[in-house]
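Examination of the molecular architecture
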Amino acid sequence: MVPVAKPRQPSKRRPAIQLQVKTVLNAIQRFPGFVFRDIRFQCHRDGQPRCIEITVQPHPAIAAKCSHCRKPAPGYDRLEPRAWLFVPLWGIVTRFLYAARRVTCPEHGVVVEHVPWSEGKRPVTIAMMCFLSRWARRLSWRETARAFGTSWECVYRSVEWFVQWGLAHRKLQGVASIGVDEIHWGKSKRTDNFLTVIYQIDGHCRRLLWVGKRRTQATLRRGLKALGPEVVGGLRFVCTDMWRPYLNVLAAKASQALHVLDRFHITSHLNQAVDEVRRAESGRLRSAGLAMAERLKNMRWTLLRRSSRVRGRARGQLGRLLNSPLATARAWMLKDLFEHFWTYKSVTGAGNFLGFWTWRALRSRLEPMKKVARMLRTHEGLLMNWFTAKGEISSGAVEGLNNKIRVVTRRSYGFRTYQAMEIALYHTLGRLPEPEEFTHGFC
Ligand SMILES: [Zn+2]
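Residues numbered from 1 in each chain as written. Predicted model: local features only at pLDDT ≥ 70, side-chain atom pairs only at ≥ 80, totals over all residues. Heavy atoms only, no water.

A look at the overall build of the chain
Which entries qualify depends on this criterion: To qualify as a helix, a DSSP run of H or I must reach at least 4 residues; to qualify as a strand, a run of E must reach at least 2; elements of each kind are numbered from the N terminus. Contacts are assigned to residue pairs that have any heavy atoms within 4.5 Å of one another. Charged residues are defined here as Lys and Arg on the positive side and Asp and Glu on the negative side; His and the ends of the chain fall outside this count. Charge positions are represented by NZ for Lys, CZ for Arg, CG for Asp and CD for Glu.
Each helix and strand counted, the chain has 18 helices and 10 strands in total. Each principal axis of the C-alpha distribution contributes one length, and for the chain these read about 90 × 70 × 55 Å. Long-range contacts, defined here as pairs at least 24 residues apart, represent 61% of the contacts in the chain between residues at least 6 apart. Separation between the mean location of the 75 positive side-chain charges and that of the 32 negative ones in the chain comes to 5 Å.

Some words on the coordination of the zinc ion
Rules: Counted as coordinating are nitrogen, oxygen and sulfur atoms within 2.8 Å of the metal, or 3.2 Å for Na, K and Ca, while water is not included, which may make sites look incomplete. Each residue is placed in one exposure class: buried if its accessible area under a 1.4 Å probe, protein chains only, is under 20% of its type's maximum, exposed if it is over 50%, and partly exposed if it falls in between.
In the first shell of the zinc ion, the protein supplies Cys 66 (SG), Cys 69 (SG), Cys 105 (SG) and His 108 (ND1), at 2.1 to 2.3 Å from the metal. Between consecutive donor residues of the zinc ion, the sequence gaps follow C-x2-C-x35-C-x2-H. Residue Cys 66 is classed as buried on the basis of its relative accessible area, which comes to 0%. A relative accessible area of 22% places Cys 69 in the partly exposed class.

Examining helix α5 (residues 217-227)
Spelled out, the test is: Our arc is simply the arc of the directions from the helix axis toward the C-beta atoms.
Within α5 the residues assigned to the buried category are Thr 219, Leu 220, Gly 223, Leu 224 and Leu 227. Here the buried residues of α5 occupy an arc of 130° about the axis, which is enough to place them on one side. Looking at the buried side of α5, the elements it contacts are β6 (177-184), β7 (194-202), β8 (205-213), α6 (229-233) and α7 (244-253). The first or second residue beyond α5 is Gly 228, which carries a positive phi of 95°.

Here's the deal with the confidence of the model for the chain
One rule of thumb: low pLDDT means the predicted coordinates there are not for detailed reading. Spelled out, the test is: Per-residue confidence from the predictor is reported as pLDDT, which spans 0 to 100.
Of the residues in the chain, 94% reach a pLDDT of 70 or more, and the chain-wide mean stands at 87. Here helix α9 (residues 292-297) stands out as the least confident element of the chain, with mean pLDDT 75; helix α4 (residues 152-169) is the most confident, with 95.

Observations regarding the pattern of salt bridges
Keep this limit in mind: Should a side-chain nitrogen of Lys or Arg be within 4 Å of a carboxyl oxygen of Asp or Glu, the pair is scored as a salt bridge.
This structure, assessed with the given rule, holds 16 salt bridges. Taking the shortest distance from any N to any O, the salt bridge between Glu 160 and Arg 157 comes out at 3.0 Å. Within this pair, Glu 160 and its partner Arg 157 are both found in helix α4, separated by three residues, close to a single helical turn. Residue Glu 160 is classed as buried on the basis of its relative accessible area of 16%.

As for the pairing of strand β9 (residues 237-240)
Rules: Being paired, for any two strands, means DSSP has found at least two bridges between them. Orienting the strands away from the viewer, one traces the path from the first strand over the helix to the second; a clockwise path indicates a right-handed crossover.
Burial along β9 is two-sided: the residues Phe 237 and Cys 239 and Val 238 and Thr 240 are all buried. By the bridge criterion, four bridges tie β9 to strand β10 (residues 258-261) in an arrangement that is parallel. Each bridged residue has a counterpart across the sheet, and for Cys 239 the counterpart in β10 is Val 260. Remark: the β9/α7/β10 crossover connection has right-handed handedness.

As for the side chain of Arg 207
The line we're drawing: As used in this structure description, the phrase polar contact means that two N or O atoms lie within 3.5 Å; if the pair is within protein, one of them must be able to donate a hydrogen and the other to accept it, and residues adjacent in sequence are counted only when both atoms belong to side chains.
Inspection of the secondary structure puts Arg 207 in strand β8. A polar contact of 2.7 Å, which involves the side chain of Arg 207, links it to the side chain of Gln 200. Those residues within four positions of Arg 207 in sequence are excluded, and the remaining contacts are Arg 170, Lys 171, Leu 172, Val 175, Ile 198, Tyr 199, Gln 200, Leu 401, Leu 429, Gly 430 and Arg 431.

Brief notes about helix α8 (residues 263-287)
Along an α-helix, residues three or four positions apart point the same way, because every turn accommodates 3.6 residues. Threshold: Any helix carries an expected span of 1.5 Å times its number of residues minus one.
Taking 1.5 Å per residue as the helical rise, α8 with its 25 residues ought to reach 36 Å, and the 37 Å between its terminal C-alpha atoms agrees with that figure. Two or three places before Phe 264, at the start of α8, stands the capping residue Asp 262, its side-chain oxygen 3.1 Å from that residue's backbone nitrogen. Looking one or two residues beyond α8, the residue adopting positive phi is Gly 289, at roughly 75°.

Looking at the sheet that holds β8
Cut-off, in case you're wondering: Axis geometry follows a simple rule: fit a line to the C-alpha atoms, using only the stretch in contact for helices, then measure angles between N-to-C directions, giving values from 0 to 180 degrees.
Read across the open sheet, the five strands follow the order β8-β7-β6-β9-β10; overall the sheet is mixed. Two strands in the sheet have a free side with no partner beyond their single neighbour: β8 and β10. The mean inter-strand angle of the sheet, taken between neighbouring strand axes irrespective of direction, is 25°. Across three bridges, the pairing between β6 and β9 is parallel. Among the inter-strand pairings, Gly 179 is bridged to a residue of β9, identified as Cys 239. Across the sheet, α7 touches β6, β7, β9 and β10, and the angle it forms with β6 is around 155°. Along the sheet face, helix α16 (residues 397-410) touches β6, β7 and β8 and points at about 135° away from the line of β7.

Shown next, in the form of structure tokens:
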């Protein structure tokens, strides 16, 4: 006999699961040994929601654990109830209330029990710290504080904890290439306003590994020490600018790695030199009362661009400039000529070209260009390493990460201290792992 499917009747029974706040809580934050007891909704006099209070109780059948060794221990007494800020439910401030027990641990004596949602004396649950931290990557810290009804300080402390957790749990195996660079931040040019950054620039992972104040040999030594001898010993490529303190330290500490001068840095030295020539010439023309001065002044950004990227009206302007006998035109042509260097397939070819280019630059009577030529000659060996490393390291990685750092440091007018900015940098660019048991279930 073939069973006949009955048409489905709408059920007259109540649905099996009545959604309770407890159900939601147990689904997203379950703590063995603890139960959510009652959940109270507190209102203002006018009926506006004030807060949600969730009372937590110890599970009667499960012993408390020592907060030092996490081993079960007999109870001693109970402390006064404390409140912890939890992730807001429906946008309403939500707190856990719990009276922690003290236990007598055979090893550690009378200590407070392990409270799994809490971290030290912080008045904020770990889940809330994670929640705020994740939002603090999308919004500014101030906006995050405002959106979730808390303070800037609370967001800062949360991100700080989140970053420290991430740094303690991140994996540094397989770091083959790093980029080391200096970044200026803030307004003044004091040494304290420079940062040394170490990036991982492998094809499979680009991230900020370390950041420290100043740009001295001591700074970089501190950074390499923080990464540990295993990471430093395993490096295959190191990418930097021609900054002497870095060159010295890397030659001493990571001599096995191939040291490469980054294309992006060379290009920016050339651009700076062209700009210096332009500024000086513009000043000379202005004092002579020539109209060309004003035009040169407006060409700054055109001259910094790669020639293939100059289009439209700027292209016409550039063409006219190059037909003029100005020093800026000659400087620009030298810069543009150097682009050819990177296209060589053989090291010999590139070496010959470099010889030719520096010879021309040194005869150009343009002091800034001569300076670059001398610098390139001094570091010829490292410059040639670029061809050996070609295809192994991504050339745009350092530049891209630098740009991202600038976005964060500019936002930094809201960061009150250097420490806060450092934390924000690791937070946004460090690709740090997250404590998953506290982040799942939340956006
Ligand atoms: Zn113990």
